[in-house]
Each structure stands twice: as structure tokens, then as C-alpha cells.
Amino acid sequence: MTAAVLVRKNAGSQNAVNTGAPDRRPLTRRLGPGPRRRFAALAGPALLLAAWFLASGTGLLDPRILSEPWTVVATAGEQLASGKLQEHLGISAQRAALGLFFGIVLGVVLALAAGLSRVGEALVDGPVQIKRAIPSLALLPLLVLWFGIDETMKVLTITLGVFVPIYLQTHAGLRSIETKYVELAQTVRLSRLAFIKRVVLPGALPGFFLGLRFAVTGAWVSLVVVEQINSTSGIGYMMELARTYGQTNIIVLGLAVYGILGLLSDGAVQLLQRKALSWQRTMAG
């Protein structure tokens, strides 16, 4: 207990003796964000949805610009009944999952190579920084020329959009490990493999999960684009076909599906992060 708290307690006790009433003044003041609230993450999307309903119901929002939410819900029911939405969604999810998997593996391997070796850093970090300066979507003409318009091009584009944030954040996490832990590992004569398992990977996990949140978003962003380039399936293809026929309701439905997938995947990453980093105490809770 600090001296300041003891002084306040003694002063409070003296006041209680003088006035005959207990001292009810708080000893501390909460400065953090407070305890985590269940389902609090849904408050923002719910508010946005309510604003959409209100604007459409009062006529402030022209349905020719943005379809009403009830129209989009009815369209979703029709697409589900016909099986088209499930089919396109399954193909899109498969592409995103493959690109995310390969991007995570590539990003982690390159981060370990650059973070654990000066030679690896000299060989890897420069090219990755060059790639970082070139948007993945700017490489689409070359990727189409090299791989055509089949699944390889689509998955590779998503992979390129995923591995950079994984690499950057994991590499930063590796380099932020304090040297005292490295010295301790040397003192107890840990092997290289044990050092990576017990020191490197736990130390890099916070950075990795931060990069994973960016990577998940990057996967969906890349997917939106590649599915609108000479594709014959997927949510993006469904939206592009609807644009051709002026079907705003299907376009908004596709955007809603992408938004829901992004929100759910980000929530899943945060949940996994809290489980894996339960030993870490931060303001995030």
C-alpha cells in the first residue's frame, strides 16, 4: 500500500472521528476503459443498421441509390431459396481461406528468417518493403498475364495481400523481445529449437495477432476485386452481374455479406487472441 493511500486513510479516519460519519470518498479513480461488456462489439453495427432503416423508412434515402434494408432481406431470402447465395459464398470462402493460409505461412516464415538472422534480414526485409510499397491490386495485370484468370491467380492475389501485414507485425514482435530473455536462454543453454519454441514464438504472438487482424481484412478486400475480374462464381461475380442489370438490391446484399464475413472473422481473431494471450494484461482486457 502506497504512502499516499495511507495518508488518505488516516485523514478519512480522522474526519470520521470528528464528524461521527464514515468517510465515503473513493480511494482510487478509474482511468482505464472499464470492464469488457458482452456483445458490446455489436453496438456500432446495430447503430449503423438502425440509421439505414430510419433513412429508408422516412424517404431520406433514395432506393435507387441504396436499396431499403427490407428489400435486401427479401432478396437474401430469394437467393438462399434458390441456392445461389450458398454456392457463391462457399466458393468465396474457399478462396479467402486458401489465400489467408498461404499468406500466414509465408509471412511467418519470412518474419522468422529476418527476425532471427542479420543475413536473413538483409535478404528478406528489403524485397518485402518494396512489395509493401506496391499494392497487390497493382500487380493484377501481371498476374493475369502469367497465370490467366483461373483460381491460381485469385488465390495468389489474396496471398500477396495477406503476407505483408503478417510479416511486418510478426517481425516487429520478434525484434521487441527484450535481450534479457535471450541472455537467459543462453545461460540455461537452450537449443535453437527450444529457444524458438519457448522465447521467440511467445514473444512474437502479440505482434502476430495484430498482423492477423490486418491480414483477415486484406483477404476480404483482395477477394472483392479478384472476383470481379473475368470470374464466373463468387460473391464478387454475383455483384458484378447485378451491376450489369442495375440490380442495386443484389449489390447491397453482396456488400452486406462481405461486411458480415469481415466482422465475424475479425471477432474470431480477437477471441483467439484473448485465449492465446490470456497471460497478458493490457487495457484491451
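All values derive from a computational prediction rather than experimental measurement.

Next up on the list: the overall build of the chain. Along the chain, the regular secondary structure elements total eleven helices and zero strands. Within the chain, buried positions represent 32% of all 285 residues. Considering only intrachain contacts with a sequence separation of at least 6, the fraction spanning at least 24 residues in the chain is 69%. For the chain, the accessible surface area stands at approximately 17800 Å², while carbon and sulfur atoms represent 66% of it.

Let's shift gears to the pattern of salt bridges. A complete count under the given rule lists eight salt bridges for this structure. In this structure, Glu121 engages Arg118 in a salt bridge whose closest nitrogen and oxygen atoms are separated by 3.3 Å. You can see Glu121 and its partner Arg118 sitting in helix H5 (residues 118-133), three residues apart, about one turn around the helix. Within this structure, Arg95, Glu151 and Glu227 form a network of salt bridges that share partners.

Before going further, it helps to examine the packing of aromatic side chains. Under the definition given, this model contains three aromatic pairs. Ring centres of Phe208 and Phe209 lie 5.4 Å apart, and the angle between their planes is 65°; on these two criteria the pair is classed as edge-to-face. The pair Phe208 / Phe209 is uniform in exposure class, with both members buried.

Let's shift gears to the packing of helix H3 (residues 69-82) against helix H11 (residues 248-276). The geometry of a pair of packed helices is captured by two quantities: the angle between their axes and the separation between those axes. Between H3 and H11, the least distance of the axes is 9 Å, while the angle of their chain directions is 85°. When the axis of H3 is compared with that of H11, the two are roughly perpendicular. Here Thr71, Val72, Thr75, Ala76 and Gln79 of H3 come into contact with H11, specifically with Asn249, Ile250, Val252 and Leu253. Of the residues belonging to the contact of H3 with H11, the class tally is five nonpolar, four polar and no charged.

All right, on to the side chain of Asp125 then. Tracing the chain through its elements places Asp125 in helix H5. Despite its burial, Asp125 remains without a salt bridge, the nearest opposite charge being carried by Arg132 at 7.9 Å. Once residues within four sequence positions are removed from consideration, Asp125 is found in contact with Gly120, Tyr167 and His171.

Look at helix H6 (residues 140-147) against helix H7 (residues 151-175): their axes get within 9 Å of each other, and the N-to-C directions meet at 145°. The two elements H6 and H7 cross, and the hand of that crossing is right-handed. The segment H6 lies against H7, with Leu140, Leu143, Val144 and Phe147 engaging Thr152, Met153, Leu156, Thr157 and Leu160.

Here the focus is H5. A rise of 1.5 Å per residue sets the reference length of H5, with its 16 residues, at 22 Å; its end C-alpha atoms lie 22 Å apart and thus fit the reference within 8%. The sharpest bend along H5 reaches about 30° and sits at Val124, with the proline Pro127 one to four residues further on. Within H5 the residues assigned to the buried category are Gly120, Val124, Asp125, Val128 and Lys131. Of the surrounding elements, those touching the buried residues of H5 are helix H4 (84-115) and H7. With a side-chain oxygen positioned 3.2 Å from the backbone nitrogen of Val119, the residue opening H5 is Ser117.

Time to look at the side chain of Lys131. Tracing the backbone shows Lys131 in helix H5. Buried charge Lys131 goes without a salt bridge, the closest partner of opposite sign being Asp125 at 14 Å. The residues touching Lys131, leaving out its near neighbours within four places in the chain, are Ser136, Leu139, Leu160, Phe163 and Val164.

Right, let's get into the environment of Ile251. Take Ile251: it is sitting in helix H11. What makes Ile251 partly exposed here is its relative accessible area of 23%. Taking the C-alpha atoms as reference points, Ile251 and Gly236, 15 residues apart in sequence, are found 9.0 Å from one another. Residue contacts for Ile251: discarding those within four places in its chain leaves Met239, Ala242 and Arg243.

What counts as what
Along each chain, residue indices are assigned from 1 in the same order as the chain's sequence is written. The predicted origin of the model limits local features to residues at a pLDDT of at least 70 and limits the giving and counting of side-chain atom pairs to 80 or more, whereas totals for whole chains, interfaces and linings rest on all residues. To get the side-chain values, all heavy atoms of the structure are used, and hydrogens and water are removed first. Strands are runs of DSSP state E lasting at least two residues, helices are runs of H or I lasting at least four, and both sets are numbered from the N terminus onward. Here the term buried applies to any residue with accessible area under 20% of the maximum for its type, exposed to any over 50%, and partly exposed to those in between, with areas from a 1.4 Å probe on protein chains only. Note on contacts: a residue pair qualifies if any of its non-hydrogen atoms lie within 4.5 Å across the two residues. Note on areas: these come from Shrake-Rupley sampling with a 1.4 Å probe, and a residue is covered only by the protein chains present in the view. The term salt bridge refers to a pairing of a side-chain nitrogen on Lys or Arg with a carboxyl oxygen on Asp or Glu at a separation within 4 Å. Only Phe, Tyr and Trp rings take part, Trp by its six-membered ring, and two of them pair if their centres are within 6.5 Å. Stacked means planes under 30 degrees apart, edge-to-face means over 60, and tilted covers everything else. Each axis is a line fitted through C-alpha atoms, and for a helix only the stretch in contact is used; angles between axes span 0 to 180 degrees, taken between their N-to-C directions. Comment on the angle field: the value is read as roughly parallel under 35 degrees, roughly antiparallel over 145, roughly perpendicular from 65 to 115, and oblique elsewhere. Residues are grouped as follows: nonpolar covers Ala, Val, Leu, Ile, Met, Phe, Trp, Tyr, Cys and Pro; charged covers Asp, Glu, Lys and Arg; every other residue, Gly included, is treated as polar. The charge count treats Lys and Arg as positive and Asp and Glu as negative. His and the chain ends do not count. Each crossing is labelled by how the near helix is turned from the far one, with a counterclockwise turn of less than a right angle marking it left-handed and a clockwise turn marking it right-handed. Here, expected helix span is obtained from the residue count minus one, scaled by 1.5 Å. Throughout, bend refers to the angle between the axes fitted to the seven residues that end at a position and the seven residues that start at it. Pairs of N or O atoms are called polar contacts if they sit within 3.5 Å, as long as, within protein, a hydrogen donor faces a hydrogen acceptor (for residues adjacent in sequence, only side-chain-to-side-chain pairs).

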